[in-house]
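Residues per chain are reported as follows:
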Amino acid sequence: MKNWLKQKIDPVIPLYGIIPLISCFALNMLVYSGTMVLCADWKHYDLTTPFDRAVPLVPGWMYIYFGCYLFWIVNYILVARIHRDNREFFFRFVATDMLSRLVCAVFYIGFPTTNVRPVVTGEGFSSWLLHFLYGIDQPTNLFPSIHCLVSWLCFVGIRKSDKVPLWYKVFSCVFALLVVASTQFTKQHYIADAVAGIALAEILFFICSRAPLYRPVQRFFEFVNRKIAQIW
């Protein structure tokens, strides 16, 4: 089993990064869904500005909005792969991701936000996707935008690595900004949510890059990995 994992799985996604990345996803879902249920009947604040009212609804941006999920998976795995020999950076990245969700939880509980979605009148597949999105995702937990936060972290995690070609760094930056735009044109978020998401990513990554906050995270996941390796 160990040899198979090492030969088949490790080249795609480093074994040491599997549990931490799964944990990031689990924490994200817990924070987003858990606070949504907890605060369902609370007063929610609308951060609409004149800028937000001026931005039109463009269903075609749904392809970027949904496409970002693949972008997230690829770049988070990439961060683990390019730092095989510098796991400290990877765990700083993981600590940033997890800490960002905890900060989001504080905002979602202490300052619940909402928006008023427009009526979707267009036809076509992109309009259907927008209807689908509005049906499965409530207009709450908006500030800060996790969509913008995670997309920007995808760029932050690779932007200084000499193992990533320049063209892909540029692509990641541009695509992250396109995701930000998609949150506006689909009316999923307002501009304040997007700015707060990017700012939170930068601030927490700066803190985790200079403070030893990552060490308990690294020790915990290395302990878990050792225990799992013993079972395998």
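Treat the numbers as computed from the prediction; the structure is a model and nothing was measured. (Residues numbered from 1 in each chain as written. Predicted model: local features only at pLDDT ≥ 70, side-chain atom pairs only at ≥ 80, totals over all residues. Heavy atoms only, no water.)

Caption draft 1: Inspection of the overall build of the chain at higher detail. Looking only at helices and strands, one finds 10 helices and 2 strands in the chain. Helices (α) and strands (β) of the chain occur, in sequence order from the N terminus, as α-α-β-α-α-α-β-α-α-α-α-α. Relative to a compact globule of 232 residues, whose C-alpha radius of gyration would be 17 Å, the chain shows 19 Å and is just as compact. The C-alpha extent of the chain, read off along each of the three principal axes, is 55 × 35 × 35 Å. For the chain, buried positions account for 49% of its 232 residues. Sequence-distant contacts, at least 24 apart, represent 87% of the contacts inside the chain between residues at least 6 apart. For the chain, the computed accessible surface area is about 12,000 Å², with 69% contributed by carbon and sulfur atoms. Each charge sign in the chain was given a centre, from 21 positive and 13 negative side chains, and these centres are 10 Å apart. (Helix = DSSP H or I, 4+ residues; strand = E, 2+ residues; numbered from the N terminus. Rg over C-alpha atoms; globule rule 2.2 N^0.38 Å. Buried < 20%, exposed > 50% of the residue type's maximum accessible area, 1.4 Å probe, protein only. Contact = heavy atoms within 4.5 Å. Areas by Shrake-Rupley, 256 points an atom, 1.4 Å probe, with all protein chains shown as cover. Lys, Arg positive; Asp, Glu negative; His and termini not counted. Charge placed at Lys NZ, Arg CZ, Asp CG, Glu CD.)

Caption draft 2: Representation of the packing of helix 4 (residues 62–82) against helix 7 (residues 146–156). At their nearest, the axes of helix 4 and helix 7 sit 9 Å apart, and the two run at 40° to each other. As the angle between them shows, helix 4 and helix 7 are arranged oblique. Of the two possible hands of crossing, helix 4 and helix 7 adopt the one that is left-handed. Where helix 4 approaches helix 7, its residues Tyr65, Cys68, Tyr69, Phe71, Trp72, Asn75 and Tyr76 are matched on the opposing element by His147, Val150, Ser151, Leu153, Cys154 and Phe155. Of the residues contributing to the contact of helix 4 with helix 7, the split by class is 10 nonpolar, 3 polar and no charged. (Axes fitted to C-alpha atoms, helices over the stretch in contact; angles between N-to-C directions. Parallel < 35°, antiparallel > 145°, perpendicular 65-115°, else oblique. Left-handed = near helix turned anticlockwise from the far one by under 90°. Nonpolar A, V, L, I, M, F, W, Y, C, P; charged D, E, K, R; others polar.)

Caption draft 3: Representation of helix 9 (residues 191–210) within the structure. End to end, helix 9 covers 29 Å across 20 residues, agreeing with the expected 28 Å (1.5 Å per residue, within 8%). Against the buried residues of helix 9 lie helix 5 (87–110), helix 7 and helix 8 (166–185). (Expected span 1.5 Å × (residues − 1).)

Caption draft 4: Here's a closer look at the nonpolar core. Core analysis: the biggest nonpolar cluster contains 48 residues, and Tyr76, Phe90, Phe91, Val94, Trp152 and Ile158 have the highest contact counts within it. Every element with two or more residues in this core is listed here: helix 2 (15–38), helix 4, helix 5, helix 7, helix 8, helix 9 and helix 10 (214–231). Broken down by element, this core gets its largest block of residues, 10 residues, from helix 5. Here Phe90 is in contact with Tyr16, Gly17, Pro20, Leu21, Val79, Ala80 and His83, once residues within four sequence places are set aside. (Core = buried A, V, L, I, M, F, W, Y, C linked by side-chain atoms within 4.5 Å.)

Caption draft 5: Structural detail: the packing of helix 7 against helix 9. Running from N to C, helix 7 and helix 9 point in directions that differ by 40°, and their axes come no closer than 8 Å. Of the possible angle classes, the one that applies to helix 7 and helix 9 is oblique. Helix 9 is crossed by helix 7, and the crossing has right-handed handedness. Note on element contacts: helix 9 touches helix 7 through Ala194, Gly197, Ile198, Leu200, Ala201, Glu202 and Phe205, opposite Cys148, Leu149, Trp152, Leu153 and Val156. In the contact of helix 7 with helix 9, the residues fall into 10 nonpolar, 1 polar and 1 charged.

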